[in-house]
Amino acid sequence: MSDGHNTATRRGWLATINPVAKLAATLPPLALLLFTRDIATPAVVAGFALVAIVSGVPLRLRTLFAGAAAILLVGAWTTLVFALLTRSDLVKDSPIIIDGWITLRAAAMHSGASTAVRLAAMMMLALLGSFGTTTNQLASALVHQCRIPYRFAYGSIAAMRFAPRYRQDLLTLRAAQRARGIIDSAGPVGYFLRTGRSIIPLLAAGARYATRLSLAMDARGFGAFSSRSDRQPSVVRARDVIFVMTVWAGFAAVFVTTGMLGLLSISGDLHDPR
Amino acid sequence: MATTADKTNPVISLKDVSIRYDTSDRWIGDQIDLDIYPGETVLLLGPSGCGKSTVMLALAGLIPTSLEADLRGRVLCGGINTRHVDAGQLAGKVGIVFQDPDAQVVTGSLLDEVCFGLENLLAPVDEIETRALTALRRMGLADSREEALRTPTELSGGGRQRLAIACALALDPPVLVLDEPTANLDPVASAEFYAALTTLKDASRAIVLVEHELDDALQLADRVVVLDGNGTIIHDGAPAEVLGRHARDLSERGIWLPTATGVALRLGLDADPERELPLTVSELAPALDAVEAPEGTIVSTTDPGRSRDQVLAQQDVLIDVHAASVRLGGVTVLHGVDLRIMSGEFLAIAGINGAGKSTLTRAIAGLVPLSSGSIALAGTPLTALDVRQVGDRIGYVFQNPEHQFLARTARDELAYGLRVRRRPKHEVDDRVDRMLARFELARYADVNPFLLSHGEKRRLSVATALITEPKILILDEPTFGQDQARAREIVNMICELNATGITIIIITHDLQLIADYADRVTLLSQGRLLDVGATGEILCDTRLIERAGLRPPPVRHIALALAREKPEWRTVYRTGQIREIAP
């Protein structure tokens, strides 16, 4: 592709990494993060992931600030909620830091904060593993690297185009039912009533749409042969291997370092609130 | 139109074909025999629900390869028996364009979209983009690779239908099948679509077309095949022969006719069995000389809307829309619309897709909030009423009746609106029974609404909207996709309601329906009110109609052409202005 290089620089280096390599690089660390209980390790991981994302994907400054603000807010909220959820008998020896209409102890805050940072780090890794991936790249990579049948890979991607239409259908449906004089109460009861009524017509419309789409795809030869031509076949290049190795090595280095500094805390029990 | 077809080697051949879906007991088609030859353009006609689309799916091989259905007889596509291939393998033999532009888009760019089929058929990688770009260029969608990288969502409905042709064309199939390709398109987009399709007609390619709107399609067709209600072929021949000689029969079966043929039929020109009725306006002009009635009395030159205007001017303002704007998802979709709707009038709202028609009517019914401006119903501001109180005054029938069904039986469906208003049981039963009888639904009182036929669903949805006895009825595209007989039935029902004093507000693409029945027309364009006025004034202003992106209604179009020779046609726009003469 003559303009492949231009596209790559415009969309950042992360877009040039094989989508399957990105998943391979980020999924194992993401799973391991589940077992950490300290603040430092996930925080360092989140930091490195953030640096990789910012350098690898062209983000507008506004998007960056909005993202940072969202992470801080969600982080603060998660910290507070998980701190309050911590079993009080586990933290009764630790000093009280807030004592008003709620009582918060330092150990509870630490537990809440570590959960929040852990979630943030996992989110960062998930973003690192998916940013810059287009649906076409992903489909091609799934077919070539994961040996998934192309009918399945491309079929699922075509199905995703249903989402905007589904939203439109839902809006029309709500208006149509309101015109019949339905007034649902606010809150969960109204929500369930509304959803229950929408399901059958939406499923009927969805099934019709799916039939039409699959007919249109068959009419254009989808599934005619066991393979299909790929204009930009997904390949594994040296940079993909380097990317995976770098992420894994970096992650291991973080664990070793925090472990040696005595900061790392690990629990095999996912329910362990420590 | 001379047929250049080579009649020796059919590209499609049906022998003794009948089809039955797995979910149904009914066989569609009674041993259909049909051969289609290279170079032919075949127009397939039939009443609603006769199985045109099913026959089309069978002749394209999608039945039985892709859909669960029984196929009797045999179908050969390019010499291949469709029973012996798998889904997708006939794509190089038959290209298909479906009705719904949305449900055909598979990828994220025009280029990927056209390449999709080529990739599926294992075309050599270095040829794919060149062939795709050639097809896109041919349909006027992209001149360069850069343009071809646009997303399909940027295209209008008409553009997406041309994209669907480009996708089929890239595979260079000897047959192109189109199933009501312009049903979802605006008049101008539909004309552009046919202009693009005409360029594809050549001696090597066959085109099979299913279409309701015949005026555009007939310019292309050199053979017409007509199915009856069971999907059996009853006529097969040249358009002049089939439509020219059997127009009355077709019309009685509920099949739409070309406008010129319909006018000739109305004037009783089929009295002479030797004569073929005209199909186009240029054939109609000389045929008019044969009408027995005196020249001046063929058409009425007085505007039939005039007397109604004076009556309506005396009426109260029932709905007062003042500077109404609506924002949806951050986009202003209605800009400061001012509109006064009189009690008892029949008001039509017209405009292209996205002009804001549904937004305006939904705002009137309190279903979307205004961002500024106000709406009052008989002097009461809409904001002072809840949904049910608005529902007491306005019945709203959505385009898809299924969207409004809430109950398990037709009886409960009708009772719903009264029960939520806590009316006493005897009153509910009484009104429901009367409504069932009035809309001929009594037989289906205990049937699930989803199991009714399309026409019955439509009647039920109108009945549910009327059960609370509103004084205003809003209908969104009530005749969409219906054959002539059903459309007429629906329109008659609406006119009867209007005659009982109910104010009608109707959204429709069908400008002839507006011309024939509406008192006034509101034209919208890009969320703004372009004009509102008496039907005759609006529809006879061709420049205004074109500014709205529409075309004059077919009868008006014909009258304009005839008026060059016969000035009495100058003011004709309504079918009723043409004298009905029994043969």
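Residues numbered from 1 in each chain as written. Chains lettered and ligands numbered in written order. Predicted model: local features only at pLDDT ≥ 70, side-chain atom pairs only at ≥ 80, totals over all residues. Heavy atoms only, no water.

### Things to note about the overall build of chain A
Step number 1: Each helix and strand in chain A was counted, giving ten helices and two strands.
Step number 2: Starting at the N terminus, the α and β elements of chain A follow one another as α-α-α-α-β-β-α-α-α-α-α-α.
Step number 3: Taken against the 2.2 N^0.38 rule, which gives 19 Å for 274 residues, the C-alpha radius of gyration of chain A at 24 Å runs more than 25% over that of a compact globule.
Step number 4: Principal-axis analysis of the C-alpha atoms gives chain A an extent of 70 × 60 × 35 Å.
Step number 5: Going through the 274 residues of chain A one by one, you find that 38% of them count as buried.
Step number 6: Of the contacts formed within chain A by residues at least 6 apart in sequence, a portion of 79% connects residues at least 24 apart.
Step number 7: When the accessible surface of chain A is totalled, it reaches about 15100 Å², and 71% of it is carbon and sulfur.
Step number 8: Mean positive and mean negative side-chain charge positions of chain A (28 and 12 charges, respectively) differ by 13 Å. (Helix = DSSP H or I, 4+ residues; strand = E, 2+ residues; numbered from the N terminus. Rg over C-alpha atoms; globule rule 2.2 N^0.38 Å. Buried < 20%, exposed > 50% of the residue type's maximum accessible area, 1.4 Å probe, protein only. Contact = heavy atoms within 4.5 Å. Areas by Shrake-Rupley, 256 points an atom, 1.4 Å probe, with all protein chains shown as cover. Lys, Arg positive; Asp, Glu negative; His and termini not counted. Charge placed at Lys NZ, Arg CZ, Asp CG, Glu CD.)

### A short note on the domain arrangement of chain A
The extent of an interface is frequently quoted as the accessible surface area lost upon association of the parts.
Step number 1: Each assigned domain of chain A is listed with its residue range as follows: domain 1 (13-141 + 244-260) and domain 2 (148-219).
Step number 2: Computed from C-alpha coordinates alone, the two centres of domain 1 of chain A and domain 2 of chain A are separated by 34 Å. (Domains from an automatic or database assignment.)

### Observations regarding the pairing of strand β13 (residues 346-350) of chain B
All names here are of chain B.
Step number 1: Among the five residues that make up β13, five are buried, leaving the element largely enclosed by the rest of the structure.
Step number 2: The two faces of β13 match: F346, A348 and A350 on one face and L347 and I349 on the other face are all buried.
Step number 3: Sheet topology places β13 next to strand β19 (residues 520-525); four bridges connect them, and they run parallel. Paired with I349 across the bridge in β19 is T522. (Pairing = 2+ DSSP bridges.)

### Quick notes on the packing of aromatic side chains
Step number 1: With the rule as written, the count across this model stands at nine aromatic pairs over all chains.
Step number 2: Taken together, a centroid distance of 4.8 Å and an interplanar angle of 40° make the contact between F251(A) and F255(A) tilted. With a gap of four residues between them, F251(A) and F255(A) both fall in helix α10 (residues 238-260), about one helical turn apart.
Step number 3: Under the relative-accessibility criterion, F255(A) is labelled buried at 16%.
Step number 4: Three or more aromatic residues joined by ring pairs form one cluster here, namely Y150(A), Y154(A), F222(A) and F116(B). (Phe/Tyr/Trp six-rings, centres within 6.5 Å; stacked < 30°, edge-to-face > 60°.)

### Digging into the interface of chain A and chain B
Step number 1: Taken together, the 43 residues of chain A in the interface contact 58 residues of chain B.
Step number 2: Together, the buried faces of chain A and chain B total about 4600 Å²; carbon and sulfur atoms form 55% of this surface.
Step number 3: When the area that chain A buries against chain B is broken down by residue, the three leading residues are R180(A), R220(A) and R231(A), summing to 23%.
Step number 4: At the junction of chain A with chain B, the criterion picks out eight salt bridges.
Step number 5: Linking chain A to chain B there are 20 residue pairs in polar contact (both at pLDDT 80 or more).
Step number 6: Of all the secondary-structure elements, those providing two or more residues to the side of chain A that touches chain B are α7 (150-160), α8 (162-178) and α9 (188-219) of chain A. (Buried area = accessible area lost by both parts, 1.4 Å probe. Salt bridge = Lys/Arg side-chain N within 4 Å of Asp/Glu carboxyl O. Polar contact = N/O pair within 3.5 Å; in protein donor to acceptor, adjacent residues only side chain to side chain.)

### Section: the domain arrangement of chain B
Residue and element names in this part refer to chain B.
Step number 1: Examined at the domain level, chain B breaks down into domain 1 (12-257), domain 2 (258-291 + 556-583) and domain 3 (306-310 + 345-366 + 386-552).
Step number 2: On a C-alpha basis, the centroid separation for the pair domain 2 and domain 3 is 31 Å.
Step number 3: On the side of domain 3, eleven residues touch domain 2, which itself brings six residues to the contact.
Step number 4: For the pairing of domain 2 and domain 3, the buried interface totals around 730 Å² over both sides, and the portion due to carbon and sulfur atoms is 50%.
Step number 5: The three residues of domain 2 that bury the most area against domain 3 are R556, Y573 and R574, which together make up 71% of that side's buried surface.
Step number 6: Connecting domain 2 to domain 3 are zero salt bridges.
Step number 7: Linking domain 2 to domain 3 there are five residue pairs in polar contact (both at pLDDT 80 or more).
Step number 8: The class makeup of the residues in the side of domain 2 that touches domain 3 is two nonpolar, two polar and two charged. (Nonpolar A, V, L, I, M, F, W, Y, C, P; charged D, E, K, R; others polar.)

### So, the UniProt feature "transmembrane region" (unreviewed entry) in chain A
Step number 1: As recorded in UniProt, the feature "transmembrane region" (unreviewed entry) lies at residues 39-57, 64-85, 119-143 and 241-266 of chain A.
Step number 2: Between the end C-alpha atoms of residues 241-266 of chain A there is a gap of 29 Å, over a span that is 77% helix and 0% strand. (UniProt positions renumbered as here; feature names shortened; annotations may be inferred.)

### Thoughts on α10(A)
Residues and elements named next belong to chain A.
Step number 1: Given a rise of 1.5 Å per residue, 23 residues ought to cover 33 Å, and the 32 Å separating the end C-alpha atoms of α10 matches this to within 8%.
Step number 2: Every buried residue of α10 is accounted for by D240, F243, V244, V247, F251, V254, F255 and T258.
Step number 3: The secondary structure elements touched by the buried residues of α10 are α2 (19-33), α3 (40-56) and α5 (106-130). (Expected span 1.5 Å × (residues − 1).)

### Topic: the side chain of R556(B)
Residues and elements named next belong to chain B.
Step number 1: Summarising the element assignment, R556 is placed in helix α22 (residues 554-563).
Step number 2: Buried and unpaired, R556 has no salt bridge, with D541 as the nearest side chain of opposite charge at 8.8 Å.
Step number 3: When sequence neighbours within four positions are dropped, the list of residues in contact with R556 reads Q512, L539, C540, W569, R570, T571, V572 and Y573.

### Some points on the sheet that holds strand β14 (residues 372-377) of chain B
All names here are of chain B.
Step number 1: With antiparallel pairing, four strands are arranged side by side in an open sheet as β12-β11-β14-β15. Lying at the two open borders of the sheet, with one neighbouring strand each, are β12 (331-342) and β15 (380-381).
Step number 2: For strand β11 (residues 317-328) and β14, the ladder comprises five bridges, and the chain directions are antiparallel. By the bridge assignment for β14, V321 is matched with I375.
Step number 3: Across the sheet, helix α13 (residues 357-364) is in contact with β11, β12 and β14; its angle to β12 comes to roughly 60°. (Axes fitted to C-alpha atoms, helices over the stretch in contact; angles between N-to-C directions.)

### Concerning the pattern of salt bridges
Step number 1: Counted under the stated rule, the structure contains 36 salt bridges over all chains.
Step number 2: Here R228(A) makes a salt bridge to E119(B), at a shortest N to O gap of 2.9 Å. Separated into two different chains, R228(A) in the loop between α9 and α10 and E119(B) in helix α3 (residues 110-120) make up a pair that spans both.
Step number 3: Take R228(A): its relative accessible area is 12%, and that puts it in the buried class.
Step number 4: Classification of E119(B) as buried rests on a relative accessible area of 7%.
Step number 5: Bridged by salt links that share partners, the residues R228(A), R231(A), D112(B), E119(B), E129(B) and R145(B) form one connected network.

### Quick look at the UniProt feature "domain: ABC transporter" (unreviewed entry) in chain B
Step number 1: According to UniProt, the feature "domain: ABC transporter" (unreviewed entry) maps to residues 12-255 and 312-551 of chain B in the numbering used here.
Step number 2: Taken end to end, residues 12-255 of chain B comprises 35% helix and 24% strand; its first and last C-alpha atoms sit 25 Å apart.

### Brief notes about the packing of helix α15 (residues 410-419) of chain B against helix α16 (residues 425-438) of chain B
All names here are of chain B.
Step number 1: The contact between α15 and α16 brings their axes to 9 Å, and the two run at 135°. Between α15 and α16, the angle falls in the class oblique. In this structure, the crossing between α15 and α16 has a hand that is right-handed. Counted together, R411, L414, A415, L418 and R419 of α15 and V428, R431, V432, D433, M435 and L436 of α16 form the full contact between these two elements.
Step number 2: When the residues that make up the contact of α15 with α16 are grouped by side-chain class, the tally is seven nonpolar, no polar and four charged. (Parallel < 35°, antiparallel > 145°, perpendicular 65-115°, else oblique. Left-handed = near helix turned anticlockwise from the far one by under 90°.)

### Looking at the pairing of strand β1 (residues 96-99) of chain A
Sheet faces and side chains relate simply in a regular strand, where the side chains alternate between the two faces.
All names here are of chain A.
Step number 1: Inspection of the sheet shows β1 paired to strand β2 (residues 103-105) by three bridges, in the antiparallel sense. Within β2, the residue paired with I98 across the bridge is L104.
Step number 2: Between β1 and the antiparallel strand that follows it, β2, lie three residues.

### Examining a nonpolar patch on the surface
Residue and element names in this part refer to chain A.
Step number 1: Together, L50, V54, L59, L61, L64 and F65 give the surface a local cluster of nonpolar side chains, amounting to about 530 Å² of exposed area.
Step number 2: Those elements that provide at least two residues to the nonpolar patch are α3 and α4 (61-85).
Step number 3: If you tally residues by element for the nonpolar patch, the top one is α4, at three residues.
Step number 4: With respect to the element layout, L64 can be found in helix α4. (Patch = residues over 30% accessible without salt bridge, like charges linked within 9 Å, V, L, I, M, F, W, Y side chains within 5 Å.)

### Brief notes about empty space enclosed by the protein
Step number 1: Under the defined criterion, the tally for this structure stands at five cavities of 30 Å³ or more.
Step number 2: Volume-wise, the largest cavity comes out at about 120 Å³.
Step number 3: Surrounding the largest cavity, 15 residues form its lining, A179(A), R180(A), T464(B), A465(B) and T468(B) being those nearest its centre.
Step number 4: Breaking the lining of the largest cavity down by element, the ones donating at least two residues are β16 (394-397) and α17 (454-466) of chain B.
Step number 5: Residue classes in the lining of the largest cavity are distributed as five nonpolar, eight polar and two charged.
Step number 6: As a volume, the second largest cavity reaches approximately 70 Å³.
Step number 7: What lines the second largest cavity is a set of 13 residues, and nearest its centre among them are D218(A), A60(B), L62(B), L90(B) and A91(B). (1 Å grid on protein atoms, 1.4 Å probe; cavity = no way out; pocket = protein on both sides within 12 Å on 5 of 7 lines; lining within 4 Å. Points joined across faces, edges and corners; volume = space filled by probe spheres on them.)

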